[in-house]
Amino acid sequence: MTAAPTRDLIHRAPKVLLHDHLDGGLRPTTVFDLAAAAGHRLPVDGRARTPMGLALWFRDSADSGSLPRYLETFEHTVAVMQTADGLHRVARECVLDLADDGVIYAEVRYAPELHLTGGLTLPEIIETVNAGFRAGEDEAAALGQRIRVRTILTAMRHADHARQIAELAVQYRDDEVAGFDIAGAEAGHRPSRHLAAFEYLRRENAHFVIHAGEAYGLPSIWEAIQLCGCDRLGHGVRIVDDLTFDGAPVMTRLDDALAEPSRVEFGRLAAYVRDRRIPLEMCPHSNVQTGAAESIATHPITLLKALRFRVTLNTDNRLMSATSMTQEMGALVRECGWTMADLQWVTINAMKSAFLPFDERLALIDHVIKPGYAALGA
Ligand SMILES: [Zn+2]
């Protein structure tokens with residue numbers, strides 16, 4: 001379990017994915033097909049007008065360092081997800097692609113309020129996506145790939161639908177809707193603006209995650225945990241701002257901190273997050289694209305693993321980041337020295353952190369993940 005695993009081994013390893021956006025993971029061919037059907041104009045022309053050209057446009061726009069260009073990519077995916085056919089196809093293909101990547105359990109999120117322009121109601125949108133997920137699960141099972149995909153309903157943090165979406169998350173909780181999330185530009189949109197929605201969810205014993213500590217630092221993480229009461233942090237990568245080494249910001253002494261993690265000093269918030277085992281949904285490639293991290297090699301995830309935070313590994317937007325769970329794991333193996341034991345650890349962390357009943361989490365850990373890794377290590 002300590003040798004560097006090959007790409008084939010990583011691909012075959014069981015994976016758990018908690019942070020993946022439905023509108024960030026479309027197949028380029030599907031974007032073309034659905035755009036043609038909807039009469040939606042795509043940003044590529046000439047020789048780039050191929051699925052490969054479109055895939056490159058998405059990745060390059062996300063890589064550009066320009067927030068407007070990054071956000072523009074979602075205008076095109078969301079535009080082709082306004083009909084029942086479009087939503088069902090995207091959801092079904094999402095499951096098939098994740099199953100093909102070795103994912104055995106996923107919580108996929110999307111914002112129903114962004115899919116209203118074709119005339120569907122919010123319940124119709126939720127039921128259509130759920131039906132697409134069930135169809136994908138059945139098709140994957142027929143191919144011998146067992147996967148379960150649940151939904152997280154997202155509300156946009158700059159809008160005013162949080163309470164309504166939270167109520168829908170509770171209404172559909174027995175229909176594979178696992179929880180609630182808020183997403184969107186962090187700066188200027190404090191999570192506590194949506195306190196009424198979070199208080200409602202807590203009264204209903206429902207689970208939620210908040211995108212925090214990605215673009216914006218410790219105050220955003222503190223607010224998400226201590227004012228809003230979230231179960232998990234979407235990203236949370238900036239928690240390293242509360243860690244020091246010899247009194248210096250830990251990221252300026254990364255090599256020393258990795259060599260001697262026991263000498264890293266904790267601020268009160270970082271200590272709280274680690275003590276309470278609050279899961280961090282880390283998305284390395286996405287963080288590098290948005291500037292929340294400088295590179296995979298220096299991404300805080302490896303230090304946070306050494307410090308035994310409840311680290312989980314995720315894709316965020318597979319299309320925009322041209323990534324998959326196999327790619328994320330492979331990059332950490334190549335650039336940060338992660339081993340098969342590390343990949344099993346991060347996978348079990350994710351399963352422990354899933355919005356799924358305790359006995360079902362345990363069953364997947366004991367009967368799927370551990371035997372799966374043992375078989376690969378043998
Ligand atoms: Zn996200």
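Everything below is about the structure shown above.
Residues numbered from 1 in each chain as written. Predicted model: local features only at pLDDT ≥ 70, side-chain atom pairs only at ≥ 80, totals over all residues. Heavy atoms only, no water.

A. Expanded view of the environment of Leu 201. Position of Leu 201 among the secondary structure elements: in helix 8 (residues 195-203). Spatially, the C-alpha atoms of Leu 201 and Leu 143 are 38 Å apart, while their sequence positions differ by 58 residues. Not counting the four nearest positions on each side in its chain, Leu 201 is found in contact with Ala 166, Val 170, Phe 180, Ala 206 and Phe 208. (Helix = DSSP H or I, 4+ residues; strand = E, 2+ residues; numbered from the N terminus. Contact = heavy atoms within 4.5 Å.)

B. Local environment of the packing of helix 2 (residues 28-38) against helix 5 (residues 84-100). The contact between helix 2 and helix 5 brings their axes to 11 Å, and the two run at 170°. Taken together, helix 2 and helix 5 sit at an angle that is classed as roughly antiparallel. Residues Thr 29, Thr 30, Asp 33 and Leu 34 of helix 2 lie in contact with helix 5, whose contacting residues are Gly 86, Arg 89, Val 90 and Glu 93. Here the residues of the contact of helix 2 with helix 5 are counted per class, giving two nonpolar, three polar and three charged. (Axes fitted to C-alpha atoms, helices over the stretch in contact; angles between N-to-C directions. Parallel < 35°, antiparallel > 145°, perpendicular 65-115°, else oblique. Nonpolar A, V, L, I, M, F, W, Y, C, P; charged D, E, K, R; others polar.)

C. Representation of the packing of helix 2 against helix 3 (residues 51-63) within the structure. Relative to each other, helix 2 and helix 3 sit at 105°, their axes nearing to 8 Å. Classified by the interaxial angle, the pair formed by helix 2 and helix 3 is roughly perpendicular. Residues Pro 28, Thr 29, Val 31 and Phe 32 of helix 2 pack against Pro 51, Leu 54 and Ala 55 of helix 3. Among the residues forming the contact of helix 2 with helix 3, the class breakdown is six nonpolar, one polar and no charged.

D. Inspection of a negative patch on the surface at higher detail. Side chains of Glu 124, Glu 127, Asp 174 and Asp 175 sit close together on the surface and give a patch of like negative charge. Relative to the elements of secondary structure, Glu 124 occurs in helix 6 (residues 122-142). (Patch = residues over 30% accessible without salt bridge, like charges linked within 9 Å, V, L, I, M, F, W, Y side chains within 5 Å. Areas by Shrake-Rupley, 256 points an atom, 1.4 Å probe, with all protein chains shown as cover. Salt bridge = Lys/Arg side-chain N within 4 Å of Asp/Glu carboxyl O. Lys, Arg positive; Asp, Glu negative; His and termini not counted. Charge placed at Lys NZ, Arg CZ, Asp CG, Glu CD.)

E. Main features of the pairing of strand 6 (residues 232-235). The pairing of strand 5 (residues 208-212) with strand 6 spans four bridges and is parallel. Within strand 6, the residue paired with Ala 212 across the bridge is His 235. Crossover handedness for the path strand 5 to helix 9 (residues 218-227) to strand 6: right-handed. As judged from the two bridges shared by strand 6 and strand 10 (residues 280-282), these two strands associate in the parallel manner. Residue pairing in the sheet places Gly 234 in a bridge with Glu 281 of strand 10. (Pairing = 2+ DSSP bridges. Right-handed = clockwise from strand over helix to strand, strands pointing away.)

F. Spotlight on the coordination of the zinc ion. Within the protein, the zinc ion binds to His 19 (NE2), His 21 (NE2), His 211 (NE2) and Asp 316 (OD); these donor distances fall in the range 2.1 to 2.4 Å. Here the zinc ion binds four donor atoms, and the angle range of 84 to 171° at the metal identifies the geometry as irregular. Here the donor residues of the zinc ion share one chain and are spaced in sequence as H-x1-H-x189-H-x104-D. Across the pair, His 21 and His 19 agree in class, each one buried. (Donors = N, O, S within 2.8 Å, 3.2 Å for Na, K, Ca; no water. Tetrahedral: all angles 85-135°; square planar, octahedral: opposite > 155°, others 65-115°. Buried < 20%, exposed > 50% of the residue type's maximum accessible area, 1.4 Å probe, protein only.)

G. Structural view of the packing of aromatic side chains. Counted under the stated rule, the structure contains five aromatic pairs. Seen from their ring centres, Phe 266 and Phe 309 are 5.8 Å apart, and the 10° between their planes marks the pair as stacked. Of the two residues, Phe 266 is situated in strand 9 (residues 265-266) and Phe 309 in the loop between helix 13 (301-306) and strand 11 (311-313); the sequence distance between them amounts to 43 residues. On the basis of relative accessible area, Phe 266 is assigned to the partly exposed category, the value being 26%. The aromatic ring of Phe 355 is capped on one face by Arg 232, whose charged end is 3.8 Å from the ring centroid. Geometry around Trp 338 places Lys 305 over its ring, the cationic atom sitting 5.0 Å from the centre. (Phe/Tyr/Trp six-rings, centres within 6.5 Å; stacked < 30°, edge-to-face > 60°. Lys NZ or Arg CZ within 6 Å of the ring centre and 35° of its normal.)

H. A look at the environment of Gln 344. As for its placement among the helices and strands, Gln 344 is situated in helix 15 (residues 340-353). The spacing of Gln 344 and Val 16 is 328 residues in sequence and 10.0 Å in space, taken between C-alpha atoms.

I. Here's a closer look at the sheet that holds strand 7 (residues 243-245). One open sheet accounts for three strands, arranged 8-7-9; its pairing is antiparallel. Of all strands in the sheet, those with a lone pairing partner are strand 8 (248-249) and strand 9, marking the two edges.

J. Region of interest: a positive patch on the surface. A cluster of basic side chains, namely Arg 277, Arg 308, Lys 352 and Lys 370, defines a positive patch on the protein surface. With respect to the helices, strands and loops of the structure, Lys 352 is situated in helix 15. With a relative accessible area of 41%, Lys 352 lands in the partly exposed category.

K. Representation of the state of the cysteines within the structure. Under the criterion given, the structure shown has zero disulfides. Sulfur of Cys 230: no disulfide; nearest cysteine sulfur belongs to Cys 228 and is 7.3 Å away. Free of any disulfide, Cys 283 has its nearest cysteine sulfur in Cys 94, 14 Å distant. (Disulfide = S-S within 2.5 Å.)

L. Representation of helix 16 (residues 358-377) in the model. Look at helix 16: 27 Å from first C-alpha to last across 20 residues, which is about the 28 Å you get at 1.5 Å a residue. The largest bend in helix 16 comes to about 35°, at Ile 365. Within helix 16, the full set of buried residues consists of Leu 364, Ile 365, Ile 369, Gly 372, Tyr 373 and Leu 376. Contact partners of the buried residues in helix 16: helix 1 (7-12), strand 1 (15-21), strand 2 (103-110), helix 14 (325-336) and helix 15. (Expected span 1.5 Å × (residues − 1). Bend = angle between axes of the 7 residues up to and from the residue.)

M. Here's a closer look at the side chain of His 76. Among the secondary structure elements, His 76 is positioned in helix 4 (residues 67-79). On the basis of relative accessible area, His 76 is assigned to the buried category, the value being 8%. At 3.5 Å, the side chain of His 76 and the side chain of Glu 72 are in polar contact. Non-local contacts of His 76, meaning those with residues more than four positions away in its chain, are made with His 40, Arg 41, Leu 42, Pro 43, Trp 57 and Phe 58. (Polar contact = N/O pair within 3.5 Å; in protein donor to acceptor, adjacent residues only side chain to side chain.)

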